[in-house]
Amino acid sequence: MIKVLAIETSCDETSVSVVSNSDDIYKIHSNIVASQIKDHSRWGGVVPELAARKHLELIPFVLEQALEESKISIDEIDVIASTVTPGLVGCLRIGSITARSLCSLHSKPFMGIHHLEGHLSSILFSKNFPKPPFLTLLVSGGHTELIKVGERREMQRLGRSYDDAAGEAFDKVGRLLGLSYPGGPAIAKIAKKGNASKFKLPRCKISDKEGGFLKYDFSFSGLKTAVLRLVEKINLNGDEMPIPDIAASFERVVAEVLVERTVKCAIDHGLDNIVVVGGVAANNTLRKMMIGEASKKSIKVYLAPLNLCTDNAAMIGAAALFRLKFAPHESSLKLGISGRFPIDQANTLYEKNPPF
Ligand code: KG4
Ligand code: ZN
């Protein structure tokens, strides 16, 4: 059994987890997530400096609790991993310093993990997960990407959002509607009481220079503006704001666009398995619609476990465990952090001369 201690501090969750793998069974021994939602909600979004300060405050206690709950001592840990990119640099620094210091003190190998590879590894904790190659729809607060994943974690980005990420759109529209932060869960909750056919909102596309539209790419900022105009118009007319109907109509159009382009991308690339991960993968409308539409094309859908959709360290540990199957098995202690880094270069995080 290989055991990994993993740390995630790329945004506003301070998380430490102990996970293990034996015979391709991935197990979570502890996964402590200290959410900072309350600290950021009064600002309507994550304040980077505040987030970094909170990580600094919380990390010793979250680390202690994760080890205690796992009943595994640090001496028994085989590898220590932390998210090194992408994310808020001040936040990434805290997890990275903690992990590398522990590695130095306890003579353990260090693994720097790409946050998006972490999200896609959350699927490893599902009862069954697909054999590569498969198509991953990664939908979070910072990213909306379609990634083809190969046998040895070769990753190729086939689609992306050109402006706001899907989660960001949920958060911004939530704020527009006066809902609590983060907007995703708040919109999903109130949308249950609404009529999703009430308002026709745009399904924004990106124009292709060669003509037509880019088939697998996304744009959500126009949709957010359309909601803003709708809210302004209703206010101007002095009508009561039909928040549940707007929320339901918005949620439906986001899910439709994500599902339609993901399924098309899978068909065009001959991939018959779709994996959906990231914070927005917790959305029930998206989950149901993806399964329904993909099954019409005989495509199987694998959804991240609900409790592992939003940021957590267990998924970072799973990414490390998967990577351990192939050489090289560790990152240089000189590996730093980076706010942005393409997922298709994640394998360079394990090179002797690290990319950053
Ligand atoms: O993956 P995550 O925790 O953080 C990033 O890496 O960005 O995702 C957070 C995002 C937020 O934008 C939040 O509004 C969205 O996921 N989210 C949801 C739901 N739960 C969280 N969006 C739609 N429906 C949900 N149920
Ligand atoms: Zn994330």
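Residues numbered from 1 in each chain as written. Chains lettered and ligands numbered in written order. Predicted model: local features only at pLDDT ≥ 70, side-chain atom pairs only at ≥ 80, totals over all residues. Heavy atoms only, no water.

1. What about the layout of surface pockets?
Next, step 1: Taken as a whole, the second largest pocket encloses approximately 230 Å³ of empty space.
Next, step 2: Along its surface, the second largest pocket is lined by 16 residues, and Pro130, Lys131, Pro132, Phe322 and Lys325 are the ones closest to its centre.
Next, step 3: Tallied by class, the residues present in the lining of the second largest pocket amount to ten nonpolar, one polar and five charged.
Next, step 4: Here the lining of the second largest pocket spans two domains, and each of domain 1 (2-121 + 310-350) and domain 2 (132-303) adds at least three residues to it. (1 Å grid on protein atoms, 1.4 Å probe; cavity = no way out; pocket = protein on both sides within 12 Å on 5 of 7 lines; lining within 4 Å. Points joined across faces, edges and corners; volume = space filled by probe spheres on them. Nonpolar A, V, L, I, M, F, W, Y, C, P; charged D, E, K, R; others polar. Domains from an automatic or database assignment.)

2. Focus on unusual backbone geometry
Leave glycine aside and you will find that most residues have negative phi; peptide bonds, for their part, are mostly trans.
Next, step 1: The omega torsion across proline 132 and proline 133 is 0°, close enough to zero to call that bond cis.
Next, step 2: In this model, tyrosine 181 is joined to proline 182 through a cis peptide bond whose omega is -5°.
Next, step 3: Mapping proline 182 onto the fold places it in the loop between helix H5 (166-176) and helix H6 (183-191).
Next, step 4: Residue aspartate 23 is not a glycine yet carries a positive backbone phi of 50°.
Next, step 5: Tracing the chain through its elements places aspartate 23 in the loop between strand S2 (13-22) and strand S3 (25-35).
Next, step 6: One non-glycine residue, aspartate 24, lies in positive phi territory at about 65°.
Next, step 7: Inspection of the secondary structure assignment puts aspartate 24 in the loop between S2 and S3. (Helix = DSSP H or I, 4+ residues; strand = E, 2+ residues; numbered from the N terminus.)

3. A few points about the domain arrangement of the chain
Next, step 1: Examined at the domain level, the chain breaks down into domain 1 (2-121 + 310-350) and domain 2 (132-303).
Next, step 2: Computed from C-alpha atoms alone, the centre-to-centre distance between domain 1 and domain 2 is 27 Å.
Next, step 3: When the two sides are added together, the surface that domain 1 and domain 2 hide from each other amounts to roughly 1,700 Å², 70% of it contributed by carbon and sulfur.
Next, step 4: Linking domain 1 with domain 2 are one salt bridge.
Next, step 5: Applying the counting criterion to the domain 1 and domain 2 interface returns two residue pairs in polar contact (both at pLDDT 80 or more).
Next, step 6: Elements with a contribution of two residues or more to the side of domain 1 that touches domain 2: helix H1 (37-41), helix H4 (115-121) and helix H10 (313-323).
Next, step 7: The element best represented in the side of domain 1 that touches domain 2 is H4, accounting for five residues.
Next, step 8: Considered class by class, the residues forming the side of domain 1 that touches domain 2 number ten nonpolar, seven polar and four charged. (Buried area = accessible area lost by both parts, 1.4 Å probe. Salt bridge = Lys/Arg side-chain N within 4 Å of Asp/Glu carboxyl O. Polar contact = N/O pair within 3.5 Å; in protein donor to acceptor, adjacent residues only side chain to side chain.)

4. A short note on the sheet that holds strand S10 (residues 300-303)
Next, step 1: The five strands are arranged S8-S7-S6-S9-S10 in an open sheet whose pairing can be described as mixed. What marks the edges here is a single partner per strand, and that holds for strand S8 (155-160) and S10. Each neighbouring strand pair of the sheet contributes to a mean axis angle of 25°, computed without reference to strand direction. (Pairing = 2+ DSSP bridges. Axes fitted to C-alpha atoms, helices over the stretch in contact; angles between N-to-C directions.)

5. Considerations on the packing of aromatic side chains
For any pair of aromatic rings, the description consists of the separation of the ring centres together with the inter-plane angle of the planes.
Next, step 1: Scanning the entire structure with this criterion turns up six aromatic pairs.
Next, step 2: Plain terms: the ring middles of tyrosine 26 and phenylalanine 125 are 6.4 Å apart, the flat faces sit at 90° to each other, and that makes the pair edge-to-face. Of this pair, tyrosine 26 sits in strand S3 while phenylalanine 125 sits in the loop between H4 and strand S6 (134-139), and the two are 99 residues apart along the sequence.
Next, step 3: Assessed through its relative accessible area of 8%, tyrosine 26 is described here as buried.
Next, step 4: Among the residues examined, phenylalanine 125 registers a relative accessible area of 16% and is labelled buried. (Phe/Tyr/Trp six-rings, centres within 6.5 Å; stacked < 30°, edge-to-face > 60°. Buried < 20%, exposed > 50% of the residue type's maximum accessible area, 1.4 Å probe, protein only.)

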